[in-house]
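Structural overview for review
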Amino acid sequence: MNHIVISVIGRDCPGVVYAISSALSKEKCNIEELSQTILKGQFASIFIVSAPEDVTEEDIQRVVSLSLEARHMDLTVAARTFETDTFSCAEETEPFVVTVNGSDQPEIIAMISGVFAEQKVNIENLKAIRMDEASNECVLVFEVALPLSINRNAFRQMLQAKARSVGLSISIQHQNIFEAIHRVPIV
Amino acid sequence: MLTEREVLSTINMLRNEHLDVRTVTLGISLFDCVSHDFDVFSYKVRAKIAKYAAHLVEHCNEVGARYGIPVVNKRISVSPMAVVGAGFSADQMVRACQMLDEAAKEAGVDFLGGFGALVEKGMTPGDRALINALPEALATTDRVCSSINVASSKAGINMDAVALMGRQILKVADATKDRDGIGCAKLVVFANIPQDVPFMAGAYLGIGEPDVVINVGVSGPGVVKKAIDRAKETHESLTLSDVAEVIKSTAYKVTRVGELIGKEVAGRMNLPFGVADLSLAPTPAVGDSVGEIFQSVGLSSIGAPGSTAVLAMLNDAVKKGGVFASSHVGGLSGAFIPVSEDSSIEAAANSGALTMEKLEAMTSVCSVGLDMIAIPGDTPATTISGLIADEMAIGMINTKTTAVRVIPVPGKGVGETAIFGGLLGQAKIIPVNTGDASAFINLGGRIPAPIHSLKN
């Protein structure tokens, strides 16, 4: 079996997942994992499928695209071999949440993610939320995996200095606090 | 993956609603320090406090930074001094208090509680020595707090102790007259004092408690008020059932924060976690007030008719949310109404909307009691004892904790302001009923323990 990763992105409408999954099942591909999201009416998804040996990435890209076109759905498909040697942090990490807010500026995400890249901190989830169109107020929520070897205080001070230099507020908190406050513990 | 609402609501609670952990209190038993020789006792106490409290402040700050939730106060509670120092004279008790004050300063904590006695049924020479030492002890120290338990539902009220405390409160005020009687802000008279309170001035480590333990006091009146205000904006027909639910859910969140932080501090210090005390404890800061909650629920101010009902609902909803959030809830757990420490309650008392009598009525449904109330400096000792006796009776009959922390401000009368500063705030002096209780108080003796059946 081949493992193939497929991404589909474009205008959302009812039937998108059916168009993709039915095309895959016709090719005898099994969807092993998938994730999808919608942002301002745009659909984006990642499928990891196991395909018979004789089915290639190009075949999959073609059949899924044809299935979408046949239903007049305006989405782009990309497929590639699923690599198993993906990034994983060699050392143990802790989940932290970095929240940045203030007036929206073009360079905020690049500036904050630059600090993460430099320190080898992987961003596991990122959301940019616009609070209020009129005031241009935005909030960025980075969920990051912070390696245990990073000095927490120095990291905090570095981020705070960056944020302060462009007039933003920033909070750096362990993820447990959000779960403790909002979720009943899983037993 | 966290949702937007989870992240934004947490950030809001933290940045705009004064969500914090009010106190992490390190309980230290002094029973193994006991000695007939004061110097040996003193040496052992200093060594034990220094050993366990050396890194308390540092650990609390680190854990606070990790979660982005400040631990506002770090404190120590110790075994009741009248018990562990039972053989000491009043002069030695004063020295013991000064020694504890130095230990507190060395550890960097803002208060140390436990310079107290349990005298609900009778007094030992040690209890008497400690109570006699109070004026000098509290005047010559800054950080030591004292609690004297004079009543319980099982033992009744020790009226001899009530009479004595009336006189001692006046003497403590007089010994600190240059600072508006601030000594009395560090002295509370209790009925049914819990053994594990982390909040001052009542904190002490009871005799059934572990050798060393971490207890946590969570607060958050600002968070509760904002949650009620938000519910009013989003619900078209908000009823009190909805308000109680909002308070309960909010108390759950606040308590979870306290427990998480308390357990982590305890883990880092390799000590057991005792209890989370979920009390709505205000500070003088605007937006961190219990009194403002009354306005959010629709009263003109705390003290208006309906206040006792609001407080009953608030206190009960806080407990319900808290007990689900933490496996070990203890201490006082409820809502505090300390007049000088809450800008909104202070304003209501100042304007006459909140009187001593209404405060007393409200204490029948909330934790603690007549708290941080400035009264005229010329109030007779027997009147103060009368106030204490009434409050103790409420606690004794209702099987709950009640307490009195009043400050007779030397040389000042009704309408004048007493300024204590910091967390203790400031207060206009309010009138006390001028009826004479002297003949009653001078009878002495004990009010017998109440019957525990035929409840009506």
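Residues numbered from 1 in each chain as written. Chains lettered and ligands numbered in written order. Predicted model: local features only at pLDDT ≥ 70, side-chain atom pairs only at ≥ 80, totals over all residues. Heavy atoms only, no water.

So, on to the sheet that holds strand β1 (residues 2-11) of chain A. The strands that make up a sheet are held in pairs by hydrogen bonds between backbone atoms, and each pair lies either parallel or antiparallel. Residues and elements named next belong to chain A. As summarised here, the arrangement of the four strands in space is β2-β3-β1-β4, forming an open sheet in which the pairing is antiparallel. Here the strands that pair on one side only, and so sit at the sheet edges, are β2 (30-39) and β4 (75-81). Going from strand to strand, the sheet's axes swing by 15° on average, the running direction of each strand aside. Summarising the sheet, β1 and strand β3 (residues 42-51) pair through 10 bridges and their orientation is antiparallel. Looking at β3, one finds that His3 is bridged to Ser50. Docked against the sheet, helix α1 (residues 16-26) engages β1, β2, β3 and β4, running at close to 15° with respect to β3. (Pairing = 2+ DSSP bridges. Helix = DSSP H or I, 4+ residues; strand = E, 2+ residues; numbered from the N terminus. Axes fitted to C-alpha atoms, helices over the stretch in contact; angles between N-to-C directions. Contact = heavy atoms within 4.5 Å.)

A few words now on empty space enclosed by the protein. Residue and element names in this part refer to chain B. If you walk through the whole model with that rule in mind, you get four cavities of 30 Å³ or more. Of all the secondary-structure elements, those providing two or more residues to the lining of the largest cavity are β2 (71-78) and β7 (187-191). Along the lines of polarity and charge, the residues of the lining of the largest cavity split into 17 nonpolar, three polar and six charged. Taken as a whole, the second largest cavity encloses approximately 60 Å³ of empty space. Lining the second largest cavity are Val218, Ser219, Val224, Ala251, Val254, Thr255, Leu278, Ser279, Leu280 and Val318. Per-element tally for the lining of the second largest cavity: the top contributor is helix α9 (residues 240-268), with three residues. Class assignment of the residues belonging to the lining of the second largest cavity gives a composition of seven nonpolar, three polar and no charged. (1 Å grid on protein atoms, 1.4 Å probe; cavity = no way out; pocket = protein on both sides within 12 Å on 5 of 7 lines; lining within 4 Å. Points joined across faces, edges and corners; volume = space filled by probe spheres on them. Nonpolar A, V, L, I, M, F, W, Y, C, P; charged D, E, K, R; others polar.)

This paragraph deals with the sheet that holds strand β6 (residues 122-132) of chain A. Residues and elements named next belong to chain A. Reading across from one edge, β6-β7-β5-β8 is the order of the four strands in this open sheet, with antiparallel pairing throughout. Among the strands making up the open sheet, the edge pair consists of β6 and β8 (169-174). Along the sheet, successive strands turn relative to each other by an average axial angle of 15°, direction set aside. Where strand β5 (residues 93-103) meets β8, six bridges bridge the pair, whose relative direction is antiparallel. Residue Asn101 lies in a different strand from β8, and its bridge partner there is Ser169. Each of β5, β6, β7 (137-147) and β8 is contacted by helix α3 (residues 108-118), which is oriented at about 10° to β7, the strand it contacts most. Each of β5, β7 and β8 touches helix α4 (residues 152-165); the most contacted strand, β8, lies at about 155° to it.

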